[in-house]
Amino acid sequence: MSFNLSQLIRNNIKNLTPYSSARDEFKGEASVFLDANENSLGSPLMKWYNRYPDPYQWKLKEVISTVKGIASQHIFLGNGSDECIDLLYRCFCNPGKDNIIICPPTYGMYEVSANINDIEIRKAPLMDDFQLDLVHLETLIDTNTKIIWICSPNNPTGNSINHHDVEMVLNNFDGLVVVDEAYINFARQKSFVGLLTDYPNLVVLQTLSKAWGLAALRLGMAFASEEIITVLNKVKPPYNINQATQDLVLKALEEVGQVNDMIKEIVDMRDALAEVFASLPSVEKVYPSDANFLLVKIKDVRKVYQYLLTRGIVVRDRSNVLLCDNCLRITIGTEKENTLLVDALLELEG
Ligand SMILES: *Cc1c(COP(=O)(O)O)cnc(C)c1O
């Protein structure tokens, strides 16, 4: 395979003159800023919220760089991973012409965002063991295939995709391979971030929405070659990460220890809960999980789902999703919430 990023970029993006903000045009030291039409008097909140935020979030990236062990130039920050997904389409996929491949059942945004951008979606469903069907995948690739999406650990199945299979795709596809690692902190498997230097076609997505407990702040991360990051930066809205998020995330990143403790606690509860579920007569199967949720096959799934609602417990009904017949996706809760759920299910059994 011969990877050529320049051939992959849409022509309108290659030729684009990006918006140049006041912060782009003047970057030196100064004490009087009269260049961005901000309110120089201040704001009802803290003083610095009257100023536009750093468009490239360098301070934040420096800290993320330390936490993740990746140089800042290899990091792109988005308003959630969802913004990164949309930007990858807008940078690399020509509407009405190019196609992408997803491996269902998987995260819904790859498909929704492709549809919004008028990109053809090709599907190589996972096999019964929820692993990649490499043979089928290969038959779908043509010269207009720009991106292959691999979610690992996968949502909603919870399993990690075999490392070797992902490398097979990376080695044999000359478009972009996006590995979405939203749940990587709960997994036994290693992140693909360490392989960025080996694969110029690799993009790894991570997020602060899951293990870091910061879903409300909307911070997604894309790790890739400097060249890919440059293209994403060209297309993103200039101030896509607001100052409040940058400030709060900087504070949160000081608490790696606390987050690691939470991850361990969630993983322990997940494994314990998996055993309890497996012992319930109404449960047909608990799938192995590398994430912070369990996919559970239930005998009378509609009845159980509705019953849990009457008890004020909401889980995700995935029974209409390919390969997930009769399945509920259940997020690991607090100790108390998990007990409420188990007690409710035991009561249903009578
Ligand atoms: C939750 C989730 C995300 C997170 O998206 P954000 O926009 O960062 O909140 C991304 N990918 C997958 C597979 C997810 O399940």
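Residues numbered from 1 in each chain as written. Predicted model: local features only at pLDDT ≥ 70, side-chain atom pairs only at ≥ 80, totals over all residues. Heavy atoms only, no water.

1. Things to note about the overall build of the protein chain
Which entries qualify depends on this criterion: The helix count covers DSSP runs of H or I at least four residues long, the strand count covers runs of E at least two residues long, and both are numbered beginning at the N terminus. Only the C-alpha atoms count toward the radius of gyration. The rule for a globule is 2.2 Å times the residue count to the power 0.38. Each residue gets one of three labels from its accessible area relative to the maximum for its type: buried under 20%, exposed over 50%, partly exposed in between, using a 1.4 Å probe on protein chains only. To be clear on the numbers: accessible area is Shrake-Rupley with a 1.4 Å probe, and residue cover counts the displayed protein chains and nothing else. Neither His nor the chain ends is counted toward charge; the positive residues are Lys and Arg and the negative residues Asp and Glu. Lys charges are placed at NZ, Arg charges at CZ, Asp charges at CG and Glu charges at CD.
What the protein chain contains, in helices and strands, is 13 helices and 11 strands. Against the 2.2 N^0.38 benchmark of 20 Å for 350 residues, the protein chain shows a C-alpha radius of gyration of 22 Å, consistent with a compact globule. Each of the three principal axes of the protein chain carries a C-alpha extent, and together these read 70 × 55 × 30 Å. Counting the 350 residues in the protein chain, one finds 51% classified as buried. Carbon and sulfur atoms form 52% of the exposed surface of the protein chain, whose accessible area is close to 16,900 Å². The distance from the centre of the 33 positive side-chain charges to the centre of the 45 negative ones in the protein chain is 4 Å.

2. What to know about the domain arrangement of the protein chain
In many analyses, interface size is given as the accessible surface area lost on bringing the parts together. The condition is simple: Delimitation of the domains relies on an automatic or database domain assignment. Between two residues, a contact is recorded if the distance between any of their heavy atoms is within 4.5 Å. In short, buried area is how much 1.4 Å probe accessible area vanishes from two parts on joining, totalled over both. Each reported salt bridge corresponds to a side-chain nitrogen of Lys or Arg within 4 Å of a carboxyl oxygen of Asp or Glu. A 3.5 Å cut-off defines polar contacts: any pair of N or O atoms within that distance qualifies, except that in protein one atom must be a possible hydrogen donor and the other a possible acceptor, and neighbouring residues in sequence count only when both atoms are side-chain atoms. Here the nonpolar group is Ala, Val, Leu, Ile, Met, Phe, Trp, Tyr, Cys and Pro; Asp, Glu, Lys and Arg are the charged ones; every other residue, Gly included, is treated as polar.
Domains assigned within the protein chain are domain 1 (5–254) and domain 2 (257–349). Listed by partner, the interface residues are 23 residues for domain 1 and 20 residues for domain 2. Together domain 1 and domain 2 conceal approximately 1,700 Å² of surface at their shared face, both sides included; 64% is due to carbon and sulfur atoms. The largest per-residue losses of area from domain 1 upon contact with domain 2 belong to Phe-130, Pro-156 and Phe-186, which jointly make up 35% of the total buried on that side. Inspection of the region where domain 1 meets domain 2 yields 1 salt bridge. In this structure, Arg-188 engages Asp-290 in a salt bridge whose closest nitrogen and oxygen atoms are separated by 2.9 Å. Summed over the shared surface of domain 1 and domain 2, the result is 7 residue pairs in polar contact (both at pLDDT 80 or more). A per-class count over the side of domain 1 that touches domain 2 returns 13 nonpolar, 8 polar and 2 charged.

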